[in-house]
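Letter by letter, the chains look like this.
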Amino acid sequence: MESRLRIGIGQDLHRLQPGGKLVLAGVVVSDAMSAVAHSDGDVVLHALVDAILGGLGLGDIGEHFRNDDPRWRGAESRVFVEQAMRWLRERGGHVVNVDVTVLAERPKLSSKKQAMAECVRELTGCPNVNVKAGTNEGCDAVGRGEAIAATVAVLLDCGGSL
Ligand code: MG
């Protein structure tokens, strides 16, 4: 019998700029910097959407939520996750676990990881969420503090829809 399990992976990176609010996994982690983006620039939720879409075989975030669409200007990225979750649930599926890695030289994220995980649990309806945070050891744009990046892996149980 064919497995109902599907793995998905998503990656995102945004440049950082001084001022504004930096949002990661729906949590404001800094009010001294922000992501350069059309939406709120939440790299964790963008990577999460791509991971869910990947598991479902539904392409990528840019196809569904174009970055030149005025509807998404300044949008909270949770709306993209909510839509991806609707597509999963319409197929009778659910999220089995979520594993998040954020790479940022600044701000320091260790005290924010639990709040970020809780937000991802709420958005996905999945209790098994892990958030890891690291730096890039001073290398490349992330290491110089010019950008922030996230990778998200999800395991989906696609229910009876496959
Ligand atoms: Mg993005």
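Peer 1: Where do I start with the overall build of the protein chain in this structure?
Peer 2: Counting secondary structure elements, the protein chain contains 5 helices and 7 strands. Taking 2.2 N^0.38 as the reference for a compact globule, 162 residues should give roughly 15 Å; the C-alpha atoms of the protein chain span a radius of gyration of 15 Å, in line with that estimate. Dimensions of the protein chain along its principal axes, counting C-alpha atoms only, are 50 × 35 × 25 Å. The burial tally for the protein chain puts 46% of its 162 residues in the buried class. For the protein chain, restricting intrachain contacts to residue pairs at least 6 apart in sequence, the fraction spanning at least 24 positions comes to 71%. In the form shown here, the protein chain has an accessible surface area of approximately 8000 Å², with 50% of it arising from carbon and sulfur atoms.

Peer 1: Just to check I follow, could you spell out the layout of surface pockets for this structure?
Peer 2: Gaps left between atoms are located by rolling a probe of water-molecule size over the structure's atoms. Roughly 270 Å³ of internal volume is contained in the largest pocket. What lines the largest pocket is a set of 15 residues, among which His 14, Ser 39, His 46, Phe 65 and Asn 67 lie closest to the centre. Counting residues per element, the ones that place at least two in the lining of the largest pocket are β1 (5-18), α1 (43-56) and α2 (61-64). When residues of the lining of the largest pocket are assigned to their parent elements, the largest contribution, 3 residues, is made by β1. Residue composition of the lining of the largest pocket, grouped by class: 5 nonpolar, 7 polar and 3 charged.

Peer 1: Help me understand the pattern of salt bridges, please; the structure alone is not making it clear to me.
Peer 2: Side chains bearing opposite charge may pair, as long as their charged atoms lie close to each other. Scanning the model with the defined rule gives 8 salt bridges in all. Its salt-bridge partner being Asp 157, residue Arg 4 comes within 3.2 Å of it at the nearest N-O pair. With a gap of 153 residues between them, Arg 4 in the segment before β1 and Asp 157 in strand β7 (residues 147-157) connect regions that are remote in the sequence. By relative accessible area, Arg 4 is classed as partly exposed at 38%. Members of the salt-bridge network, linked through shared partners, are Arg 78, Glu 82 and Glu 122.

Peer 1: Explain the packing of aromatic side chains to me, please; I cannot follow it from the model alone.
Peer 2: Each aromatic ring pair is specified by the distance between its two centres and by the angle formed by the two planes. Tallied over the entire structure, the rule returns 4 aromatic pairs. Plain terms: the ring middles of Phe 65 and Phe 80 are 4.6 Å apart, the flat faces sit at 35° to each other, and that makes the pair tilted. Within this pair, whereas Phe 65 is found in the loop between α2 and α3 (78-90), its partner Phe 80 is found in helix α3, the two being separated by 15 residues in sequence. Accessibility assignment for this pair places Phe 65 and Phe 80 in one class, buried. With 5.3 Å between their ring centres and 80° between their planes, Trp 72 and Phe 80 make a pair best called edge-to-face. In this structure, Trp 72 and Phe 80 share a single accessibility class: buried. Linked through ring pairs, Phe 65, Trp 72, Phe 80 and Trp 87 together constitute an aromatic cluster.

Peer 1: So what exactly am I meant to see when it comes to the pairing of β7 here?
Peer 2: The two faces of a sheet get side chains in turn, since along a regular strand they alternate between them. Summarising burial for β7: 8 of the 11 residues are buried, a large majority. Sheet topology note: the β1/β7 ladder contains 11 bridges and is antiparallel. Counted as the bridge partner of Gln 11 is Thr 151 from β7. Across 9 bridges, strand β5 (residues 94-103) lies against β7 in antiparallel orientation. In the strand pairing of β7, Val 98 is matched with Val 154.

How each quantity is defined
- Residues numbered from 1 in each chain as written.
- Predicted model: local features only at pLDDT ≥ 70, side-chain atom pairs only at ≥ 80, totals over all residues.
- Heavy atoms only, no water.
- Helix = DSSP H or I, 4+ residues; strand = E, 2+ residues; numbered from the N terminus.
- Rg over C-alpha atoms; globule rule 2.2 N^0.38 Å.
- Buried < 20%, exposed > 50% of the residue type's maximum accessible area, 1.4 Å probe, protein only.
- Contact = heavy atoms within 4.5 Å.
- Areas by Shrake-Rupley, 256 points an atom, 1.4 Å probe, with all protein chains shown as cover.
- 1 Å grid on protein atoms, 1.4 Å probe; cavity = no way out; pocket = protein on both sides within 12 Å on 5 of 7 lines; lining within 4 Å.
- Points joined across faces, edges and corners; volume = space filled by probe spheres on them.
- Nonpolar A, V, L, I, M, F, W, Y, C, P; charged D, E, K, R; others polar.
- Salt bridge = Lys/Arg side-chain N within 4 Å of Asp/Glu carboxyl O.
- Phe/Tyr/Trp six-rings, centres within 6.5 Å; stacked < 30°, edge-to-face > 60°.
- Pairing = 2+ DSSP bridges.

What is shown is where atoms sit, not what they do.
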